[in-house]
Amino acid sequence: MWRYGKAPWWWQNQSAVVRIARNIEVGLRFNLDGLHIQGAWWYADSDQISRFRAAVAAEASGGVLSDVLAELRGKGFEITGDILKRGPREYPADHPRAALLRYRSLRAVRHLGCDEWLQTSEAFDRVLAAHEELRPLLSWLTDHVAA
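First, a word on scope: everything that follows refers to the structure included in this document. Treat the numbers as computed from the prediction; the structure is a model and nothing was measured.

What counts, and at which threshold
- Residues numbered from 1 in each chain as written.
- Predicted model: local features only at pLDDT ≥ 70, side-chain atom pairs only at ≥ 80, totals over all residues.
- Heavy atoms only, no water.
- Helix = DSSP H or I, 4+ residues; strand = E, 2+ residues; numbered from the N terminus.
- Buried < 20%, exposed > 50% of the residue type's maximum accessible area, 1.4 Å probe, protein only.
- Contact = heavy atoms within 4.5 Å.
- Areas by Shrake-Rupley, 256 points an atom, 1.4 Å probe, with all protein chains shown as cover.
- Core = buried A, V, L, I, M, F, W, Y, C linked by side-chain atoms within 4.5 Å.
- Expected span 1.5 Å × (residues − 1).
- Bend = angle between axes of the 7 residues up to and from the residue.
- Pairing = 2+ DSSP bridges.
- Axes fitted to C-alpha atoms, helices over the stretch in contact; angles between N-to-C directions.

1. Structural notes on the overall build of the chain
Part 1 of the reasoning: Check the secondary structure of the chain and you find 5 helices and 5 strands.
Part 2 of the reasoning: For the chain, the α and β elements follow one another from N to C terminus as α-β-β-β-α-α-β-α-β-α.
Part 3 of the reasoning: Across its three principal axes, the chain shows a C-alpha extent of roughly 50 × 35 × 25 Å.
Part 4 of the reasoning: Put simply, the chain has 147 residues, and 40% of those count as buried.
Part 5 of the reasoning: Sequence-distant contacts in the chain: of pairs separated by 6 or more residues, those separated by 24 or more amount to 63%.
Part 6 of the reasoning: Carbon and sulfur atoms make up 54% of the accessible area of the chain, which totals about 8900 Å².

2. Side note on the nonpolar core
Part 1 of the reasoning: Counting 35 residues, the largest nonpolar core has Trp41, Phe52, Leu65, Leu106, Leu137 and Leu141 as its most contacted members.
Part 2 of the reasoning: Of all the secondary structure elements, the ones that give two or more residues to this core are β2 (24-31), β3 (34-41), α2 (46-57), α3 (59-74), α4 (98-101), β5 (106-113) and α5 (122-144).
Part 3 of the reasoning: Take this core: its biggest share by element is 8 residues, from α5.
Part 4 of the reasoning: When neighbours within four sequence positions are excluded, Leu137 is seen to be in contact with Leu65, Val68, Leu69, Leu72, Leu106 and Ala108.

3. Looking at α5
Part 1 of the reasoning: The terminal C-alpha atoms of α5, which comprises 23 residues, lie 34 Å apart, in line with the 33 Å expected from a rise of 1.5 Å per residue.
Part 2 of the reasoning: Leu134 marks where α5 bends most, by close to 40°; the proline Pro136 follows one to four residues later.
Part 3 of the reasoning: Those residues of α5 not exposed but buried are Ala123, Val127, Ala130, Leu134, Leu137, Leu138, Trp140 and Leu141.
Part 4 of the reasoning: The secondary structure elements touched by the buried residues of α5 are β1 (14-21), β2, β3, α2, α3 and β5.

4. Side note on the environment of Trp117
Part 1 of the reasoning: Inspection of the secondary structure assignment puts Trp117 in the loop between β5 and α5.
Part 2 of the reasoning: Its relative accessible area of 7% is what places Trp117 among the buried residues.
Part 3 of the reasoning: If we ignore the near neighbours within four places in the chain, the residues touching Trp117 are Leu35, Leu112, Glu122, Ala123 and Arg126.

5. Side note on the sheet that holds β1
Part 1 of the reasoning: Pairing is antiparallel in the open sheet, where 5 strands are placed in the order β1-β2-β3-β5-β4. At either end of the open sheet lies a strand with only one pairing partner, and these are β1 and β4 (78-80). Between one strand and the next, the sheet's axes are offset by a mean angle of 20°, whatever the strand orientation.
Part 2 of the reasoning: With respect to the sheet, α5 is in contact with β1, β2, β3 and β5, its orientation differing from that of β3 by roughly 15°.

Next up, the structure:
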């Protein structure tokens, strides 16, 4: 990496990523603000985006994703991603999940903190618990988006 030894950002931001499927991953980041965990689907190609939108538009699978995201928000996860200003043309503007159809990538991120527990074995337990909370989202993405 270019200038790895001279750029403090690389030393102040340590991360690890586990790829579950193509463009679907769970990651940890540790920096001066503490520990963060995320489940992400990003850098998707047009085929994956089409599969995502079709699954969101479908009543059964789209409803499940809406419920999963609402539950994650309730547990303190921030839901972000690359979002279009308008919905895709092939779907009606008044679709029940029009807001979800605008996503081109999807991330659920939660700041776990930097308290005293971070220096104990409790950190391992908290990371595993957060990963379990992300499992429904990652499973949905793997089932409906991954190729």
